[in-house]
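Breakdown of the fold
Chain by chain, the residues:
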Amino acid sequence: MNGKVTTARTKLERGRSALGPALELVHTGRAPTRAVLTSELGVTRATAGAVAAELEALGLIRVDSSPGSAAGSQGRPSHRLSVQERGPVALAAQVHGDGYRAALVGLGGRIVATAPSCVTVMADPAQVLGEVVEAGARLLRETGLRCVGAGLAVPSAVAEPDGTALNPLHIAWPPGAPVRDIFAACVRDAGIEGPAFTGNDVNLTALAEHRHGAGRGAQHLLCVATGHRGVGGALVLDGRLHSGSSGLALEVGHLTVNAEGRPCHCGGRGCLDVETDPLAFLVTAGRRPGPEESLLKQAGALLRNEYEDAGVRRASETLIDRLGLGLAGLVNILNPDRIILGGLHRDLLDADPERLRAVVADRSLWGRSGSVPILPCTLDHNSLVGAAELAWQPVLDDPLAALA
């Protein structure tokens with residue numbers, strides 16, 4: 001009798017320990033059916049069924065026990081698994097040089113609702129974060145959805161373990177602002193349940209794209225993006241962000257790509273940050289930036305709509321050559337198996353993919369024989385989705401404990 005009880009308890013514990021991995025498989029789209037879930041988890045069909053049923057009972061996924069069969073297929077189709085559309089959400093917030101925005105993000109990286117963005121970032125981080133959290137709180141009240149936690153993306157390196165923004169770029173916040181503590185306090189004051197997290201915006205872009213976008217399936221994913229001003233980079237290794245010993249890894253914006261180039265706010269000259277961002281493109285193309293919309297939108301529109309203009313094309317080629325030089329150096333150091341580009345860099349890749357890939361291959365140690373796929377980011381609002389991933393992580397680690 002005791003043996004049977006022990007066996008039953010062991011099966012129960014095994015099933016519970018599989019909840020997190022199972023949820024992550026559904027969350028990232030890697031287990032669309034119960035049959036795939038069974039195979040990926042390496043468990044019996046009965047255990048996979050029990051795990052899926054438990055996740056459904058928690059309101060996290062939906063199990064379709066009678067999916068339609070594909071034409072010409074034989075046998076009974078496996079139960080289909082999908083995220084629960086009316087399930088819990090994470091509050092995601094993003095601050096950048098041209099404003100800030102709040103959103104609710106469900107499992108699967110789905111943006112459920114967004115608040116209108118604000119275009120003025122005040123010098124007091126507490127005021128900004130209080131407003132963006134309140135916007136998110138209104139969304140929660142309007143939708144009536146449960147919140148598992150909150151995540152914030154900021155245009156700054158975020159030092160660990162303190163959660164301070166060491167050098168907020170292109171916003172007037174003081175260096176070393178305790179953004180994680182401020183954000184967590186705003187979340188608590190708004191009556192929002194769950195933990196609060198903060199991260200660098202490009203790091204969170206990479207995390208979102210790795211789980212739900214162009215980086216899915218990569219083992220060593222390098223992301224480089226322009227943002228609204230400046231250039232950032234991130235590296236995802238085996239599904240986890242590589243943030244270094246104190247959260248400050250992959251400050252790729254300060255690689256020198258033009259020794260005689262523009263002065264950079266870091267004290268150097270000719271960095272990626274000032275040679276390949278939207279302002280650099282506008283200036284190189286001989287265009288005066290206007291005040292009516294963000295530099296990123298102005299540069300992207302110029303590249304897409306006036307590429308046949310000789311000055312715009314030359315500016316594009318100049319920035320592609322500088323970006324390619326920086327990417328080649330990163331390839332030599334990091335040996336990624338995929339590179340994804342965001343912001344204006346994505347538009348530069350679309351404009352002349354062969355030129356960029358040729359520059360990277362020609363300046364890499366292994367040349368074309370060791371070439372790395374270079375792809376555009378595919379998610380809309382990927383920094384917001386990445387901020388939500390921070391809040392979803394405790395649920396992915398242990399759904400029962402996180403939702404208790």
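Heads up: the structure comes first, above all this text.
Parameters and conventions
- Residues numbered from 1 in each chain as written.
- Predicted model: local features only at pLDDT ≥ 70, side-chain atom pairs only at ≥ 80, totals over all residues.
- Heavy atoms only, no water.
- Helix = DSSP H or I, 4+ residues; strand = E, 2+ residues; numbered from the N terminus.
- Rg over C-alpha atoms; globule rule 2.2 N^0.38 Å.
- Buried < 20%, exposed > 50% of the residue type's maximum accessible area, 1.4 Å probe, protein only.
- Contact = heavy atoms within 4.5 Å.
- Areas by Shrake-Rupley, 256 points an atom, 1.4 Å probe, with all protein chains shown as cover.
- Lys, Arg positive; Asp, Glu negative; His and termini not counted.
- Charge placed at Lys NZ, Arg CZ, Asp CG, Glu CD.
- Salt bridge = Lys/Arg side-chain N within 4 Å of Asp/Glu carboxyl O.
- Pairing = 2+ DSSP bridges.
- Axes fitted to C-alpha atoms, helices over the stretch in contact; angles between N-to-C directions.
- Arc of directions from axis to C-beta.

**What about the overall build of the protein chain?**
- Across its full length, the protein chain holds 15 helices and 14 strands.
- Relative to a compact globule of 404 residues, whose C-alpha radius of gyration would be 22 Å, the protein chain shows 23 Å and is just as compact.
- Its C-alpha atoms give the protein chain principal-axis dimensions of roughly 80 × 55 × 40 Å.
- In the protein chain, buried positions account for 51% of the 404 residues.
- Considering only intrachain contacts with a sequence separation of at least 6, the fraction spanning at least 24 residues in the protein chain is 63%.
- Just so you have it, the protein chain exposes about 18100 Å², and 50% of that area is on carbon and sulfur atoms.
- Across the protein chain, the mean location of the 38 positive side-chain charges is 7 Å away from that of the 42 negative side-chain charges.

**Describing the pattern of salt bridges**
- As enumerated under the stated definition, the model contains 14 salt bridges in all.
- What you see here is one network of salt bridges that share partners, running through Glu134, Arg138 and Arg141.

**A closer look at the pairing of strand 6 (residues 147-154)**
- Counted residue by residue, strand 6 has eight buried out of eight residues, so it is predominantly covered.
- As judged from the five bridges shared by strand 3 (residues 89-96) and strand 6, these two strands associate in the parallel manner. The residue of strand 6 that forms the bridge with Leu91 is Ala150.
- As paired strands, strand 6 and strand 9 (residues 196-200) are joined by five bridges and run parallel to one another. Residue Val154 lies in a different strand from strand 9, and its bridge partner there is Asn200.

**Details of the sheet that holds strand 4 (residues 99-106)**
- The five strands are arranged 5-4-3-6-9 in an open sheet whose pairing can be described as mixed. Of all strands in the sheet, those bounded by a partner on one side alone are strand 5 (111-114) and strand 9. The average angle at which neighbouring strand axes cross in this sheet is 25°, direction not considered.
- Bridge count between strand 4 and strand 5: three bridges; the pairing is antiparallel. Counterpart to Ala103 in the pairing with strand 5 is Thr114.
- On top of the sheet, helix 7 (residues 201-212) reaches strand 6 and strand 9; it is set at about 100° to strand 9, its chief contact.

**A short note on unusual backbone geometry**
- The residue after Glu160, namely Pro161, is reached through a cis peptide bond having omega 5°.
- Within the secondary structure, Pro161 is located in the loop between strand 7 (158-159) and strand 8 (164-165).
- In the Ramachandran plot, Leu250 falls in the positive-phi region, its phi being about 65° despite a non-glycine side chain.
- For Leu250, the location among the structural elements is in the loop between strand 12 (240-241) and helix 8 (272-275).
- On the basis of relative accessibility, which here comes to 15%, the residue Leu250 falls in the buried class.
- Residues other than glycine seldom take positive phi values, yet His381 does so here, at roughly 55°.
- Looking at where His381 falls in the secondary structure, it is placed in the loop between strand 14 (374-376) and helix 14 (382-397).
- Note on His381: relative accessible area 39%, which makes it partly exposed.

**Looking at the environment of Trp366**
- Within the element layout of this structure, Trp366 appears in the loop between helix 13 (353-363) and strand 14.
- Separated by 312 residues in sequence, Trp366 and Glu54 have C-alpha atoms that sit 49 Å apart.

**Looking at helix 3 (residues 34-41)**
- Restricting attention to buried positions, one finds in helix 3 the residues Arg34, Leu37 and Thr38. For helix 3, the arc enclosing every buried residue in end-on projection is 100°, short of the 170-degree limit, so these residues lie on one face.
- Looking at the buried positions of helix 3, the neighbouring elements they touch are helix 2 (19-27), helix 4 (45-57) and strand 2 (80-83).
- Taken from the residues just after helix 3, Gly42 is the one with a positive phi, measuring 70°.

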